[in-house]
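Chain and residue survey
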Amino acid sequence: QVQLVESGGGLVQPGGSLRLSCANSGSIFSFHATGWYRQAPGKQRELVAEIDSGGTTNYGDSVNGRFAISRDKYKRTSDLQMNSLKPEDTAVYYCNVEGTTITGRRFTSWGQGTQVTVSS
């Protein structure tokens, strides 16, 4: 079982920056990708950014050019640097990890979420 713990959320003014971090633990035989998603009240969860085992990144249209995802495979962390934050970035941010266990079972694990609020 893989556990994920997010940190770094909080309150920031419009135009400010925040850095979220996600640490994973547990057994992963084969890592496929890790990503950040967000869910605002009354809205569906949406992709913010993801990075795969080869380092290829993908961003949601609304954050492209403002956010950057990175991964440290040795520390087993993934970070989301968020710049030029807007009030519409306010949401609960979740990280996930996709992988395969030693028995060949594919899984997706999720963290508990961290609140990001952008407001003056």
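Calculation rules
- Residues numbered from 1 in each chain as written.
- Predicted model: local features only at pLDDT ≥ 70, side-chain atom pairs only at ≥ 80, totals over all residues.
- Heavy atoms only, no water.
- Disulfide = S-S within 2.5 Å.
- Helix = DSSP H or I, 4+ residues; strand = E, 2+ residues; numbered from the N terminus.
- Buried < 20%, exposed > 50% of the residue type's maximum accessible area, 1.4 Å probe, protein only.
- Polar contact = N/O pair within 3.5 Å; in protein donor to acceptor, adjacent residues only side chain to side chain.
- Contact = heavy atoms within 4.5 Å.
- Phe/Tyr/Trp six-rings, centres within 6.5 Å; stacked < 30°, edge-to-face > 60°.
- Lys NZ or Arg CZ within 6 Å of the ring centre and 35° of its normal.
- Pairing = 2+ DSSP bridges.
- Axes fitted to C-alpha atoms, helices over the stretch in contact; angles between N-to-C directions.
- Salt bridge = Lys/Arg side-chain N within 4 Å of Asp/Glu carboxyl O.

Another point: the state of the cysteines. For the structure shown, the criterion picks out one disulfide. Through a disulfide, Cys-22 is tied to Cys-95; the S-S separation comes to 2.0 Å. Measuring handedness by torsion sign, the sulfur bridge of Cys-22 and Cys-95 sits at about 50 degrees and is right-handed. Pair noted here: Cys-22 is in strand β3 (residues 18-25) and Cys-95 is in strand β9 (residues 91-100), with a separation of 73 residues, a long-range link. For the residue pair Cys-22 and Cys-95, the accessibility class agrees, reading buried in each case.

In this section: the side chain of Arg-66. Locating Arg-66 in the fold gives a position in the loop between β6 (57-59) and β7 (67-72). On the accessibility criterion, Arg-66 (13% relative accessible area) is buried. For Arg-66, the side chain forms a polar contact with the side chain of Asp-89, separated by 2.8 Å. Ignoring any residue separated from it by four or fewer positions in sequence, one finds Arg-66 in contact with Gln-81, Met-82, Asn-83, Ser-84, Leu-85, Lys-86 and Asp-89.

Bringing the packing of aromatic side chains into the picture now. The full count for this structure, using the stated rule, is one aromatic pair. Consider the rings of Tyr-37 and Trp-110, whose centres lie 5.1 Å apart with planes at 65 degrees: the pair is edge-to-face. Of this pair, Tyr-37 sits in strand β4 (residues 30-39) while Trp-110 sits in strand β10 (residues 106-110); the two residues are 73 residues apart in sequence, bridging distant segments of the chain. The exposure class assigned to Tyr-37 is buried, which follows from its relative accessible area of 18%. It is Arg-45 that lies over the ring of Tyr-94; its NZ or CZ is 3.9 Å from the centre. The ring of Phe-31 has Arg-71 lying over it, and the distance from NZ or CZ to the ring centre is 3.8 Å.

Attention now goes to the sheet that holds β3. Reading across the sheet, the four strands line up as β1-β3-β8-β7 and stay open at both edges, with antiparallel pairing between neighbours. A strand with exactly one partner marks an edge of an open sheet, and here the two such strands are β1 (3-7) and β7. If you compare each strand with its neighbour and ignore which way they point, the axes differ by 15 degrees on average. Bridge analysis of β3 against strand β8 (residues 77-82) gives six bridges, and the strand direction is antiparallel. Of the residues in β8, the one forming a bridge with Leu-20 is Leu-80.

Applying the stated criterion to the full structure yields four salt bridges. Residue Arg-19 pairs with Asp-79 through a salt bridge whose shortest N-O separation is 3.2 Å. Placement of Arg-19 in strand β3 and of Asp-79 in strand β8 is noted, with a sequence separation of 60 residues between them. In this structure Asp-79 comes out as buried when scored by relative accessible area, which is 16%. Of the charged contacts in the structure, one is a salt bridge between Asp-89 and Arg-38, with a shortest N-O distance of 2.9 Å. Remark: Arg-38 occurs in strand β4 and Asp-89 occurs in the loop between β8 and β9; sequence separation between them is 51 residues. Judged on exposure class, the residue Asp-89 and its partner Arg-38 are both buried. If you follow the salt bridges from partner to partner, you end up with Arg-38, Glu-46, Arg-66 and Asp-89 in one network.

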